[in-house]
Amino acid sequence: MVGRRRGSRANSGPHRPQQKCSGGPRKTLREPALFAKKTGYESEVPHEKMTIAQAKRGTPAVRPVRVYADGIFDLFHSGHARALMQAKNLFPNTHLIVGVCSDELTHKYKGYTVMTESERYEALIHCRYVDEVVRDAPWTLSPDFLKKHKIDFVAHDDIPYTSAGSEDVYKHIKEAGMFVATQRTDGISTSDLITRIVRDYDLYVRRNLQRGYTARDLNVSFIREKKIRLQNQVDRMKETVKTVEEKSKHFVFKVEEKSHDLIQKWEEKSREFIGNFLELFGPEGAWHVIQEQSGRMLQALSPYASPVASPRGSPSSSPTRGRSPSPPSSPTSPSSRSPRSPRSPPTSPSSRKGAPAYPLTFLGDDE
């Protein structure tokens, strides 16, 4: 379906309305660019040769300036697009024609390409700066080719392009005053992209095997395929272990952080508990004050103990209270005296063995 649509567009190419300086929006922003007809460019407007000064002034107004830029455009990248952008903006009213060389010419003079010529053609017609694409463009521009496509100027970088036995394939274009230089974009080229792929070949083989490509698709041996798949499994295991380690580190960090917070809170509570304990039970604490006051209260409320008989001359058990004296008795009262018991005769020293060493006294001896 794409081929049919492209073929119909190629046939209707010459009848496409020409772009004007103050016209409406460009069709190339909404539709792919046209393929040039094999018979060349046909127009009712006479094509007169113009100088670069005239083209920069925007004259003649009846037709755009036809600028041609050619190349291989393999692995179409930003460097290609920037070069075409410069060519498109060389003059106020520019119709940009891009020539793309075929696979046969490219493999002969430059080398093998990654993209086929059809893929490269398709890449160019979808570039927003391109108005027309010439398929199977010549390697060296001849006067007949320039006349056939009504080319006013050729745009390319100013570095001499040595190829096909010539020191500079654009030398005759420069001498004719039809060459307009553009600037190359540093850091990006098709050769750089291929170098990256070759340098990381194993990485891209593993990548495509993971995406479902077979060893035959990638032109690798059976043993190499098994080795790569084993390496992929090892890498996945390493990634899993790394993920687990990171999660474990995160978990340990959270545990340490919470442990630190708990220890800090425990220390604060411990200090608070010790302070409260000392405030209550310390030497000057409230507990000692209560104990002292309660001791005094108990001492004041409890009764004194009864005196106990003690030997003669021994001090009383209570320092504050002595024995109260007996009331005086009347000498005439017969009951005031109790009859004396006869004293027992003195005992011999042998009979006094084991007896107490102190003399026995009676209550009546105090009188």
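Predicted model, so just to flag it, every value in this text is computed and none were measured. Along each chain, numbering runs from 1 in the same order as the chain's sequence is written. In keeping with the model being predicted, local features are shown solely for residues with a pLDDT of at least 70 and side-chain atom pairs are shown and tallied solely at 80 or more, while totals for entire chains, interfaces and linings include all residues. Only hydrogens and water are set aside; all other atoms, that is, all heavy atoms of the structure, feed into the side-chain values.

Colleague: How do you make sense of the sheet that holds strand β3 (residues 94-100) when you look at a structure like this?
Modeller: In a beta sheet, neighbouring strands pair by backbone hydrogen bonds and run either parallel or antiparallel. Read across the open sheet, the six strands follow the order β1-β4-β3-β2-β5-β6; overall the sheet is parallel. Of all strands in the sheet, those with a lone pairing partner are β1 (34-35) and β6 (179-182), marking the two edges. On top of the sheet, helix α3 (residues 78-88) reaches β2 (65-71), β3, β5 (153-157) and β6; it is set at about 145° to β3, its chief contact. The strands that helix α5 (residues 117-125) touches are β1, β3 and β4 (132-135); relative to β3, the one it contacts most, it runs at about 165°. Each pair of strands is called paired provided DSSP finds at least two bridges between the two strands. Labels follow the DSSP assignment, with helices taken as runs of H or I lasting at least four residues and strands as runs of E lasting at least two, numbered in each case from the N terminus. Two residues qualify as a contact provided that any one of their heavy atoms is within 4.5 Å of a heavy atom in the partner residue. Every axis corresponds to a line fitted to the C-alpha atoms, with the helix fit spanning only the stretch in contact, and the corresponding angles, defined between N-to-C directions, vary from 0 to 180 degrees.

Colleague: Please explain the packing of aromatic side chains as it appears in this structure.
Modeller: Here the distance between the centres and the angle between the planes together describe a pair of aromatic rings. Note on aromatic pairs: the rings of Phe, Tyr and Trp (six-membered ring only in Trp) are paired at centre separations within 6.5 Å, and the planes decide the class, stacked below 30 degrees, edge-to-face beyond 60, tilted for the rest. Enumeration over the complete set of coordinates arrives at five aromatic pairs. With a centroid separation of 6.0 Å and an interplanar angle of 50°, the aromatic rings of Y170 and F179 are classed as tilted. Across this residue pair, the class does not change: Y170 and F179 are buried. Either the NZ atom of lysine or the CZ atom of arginine qualifies as a charge over a ring when it sits within 6 Å of the ring centre and within 35 degrees of the ring normal. Its end group placed over the ring of Y41, R66 keeps NZ or CZ at 3.7 Å from the ring centre. Note that R135 overlies the ring of F35, its terminal NZ or CZ placed 4.3 Å from the centroid. Three labels apply to residues, based on accessible area from a 1.4 Å probe with only protein chains included: buried if under 20% of the type maximum, exposed if over 50%, partly exposed otherwise in between.

Colleague: Is there a simple way to think about the pairing of β2 in this case?
Modeller: Each regular strand carries side chains that alternate between the two faces of the sheet. Burial within β2 is extensive, with seven of its seven residues counted as buried. Neither face of β2 is open: one carries V65, V67, A69 and G71, the other R66, Y68 and D70, and all of them are buried. One ladder, built from seven bridges, connects β2 with β3; its direction is parallel. Along β3, the bridge assignment pairs Y68 with I97.

Colleague: In this structure, what is going on with the environment of T94? I would like to understand it.
Modeller: Of note, T94 is situated in strand β3. For the pair formed by T94 and A55, sequence separation is 39 residues and the distance between their alpha carbons is 8.9 Å. Pairs of N or O atoms are called polar contacts if they sit within 3.5 Å, as long as, within protein, a hydrogen donor faces a hydrogen acceptor (for residues adjacent in sequence, only side-chain-to-side-chain pairs). Of the polar contacts made by the side chain of T94, one reaches the backbone oxygen of F91; its length is 3.1 Å.

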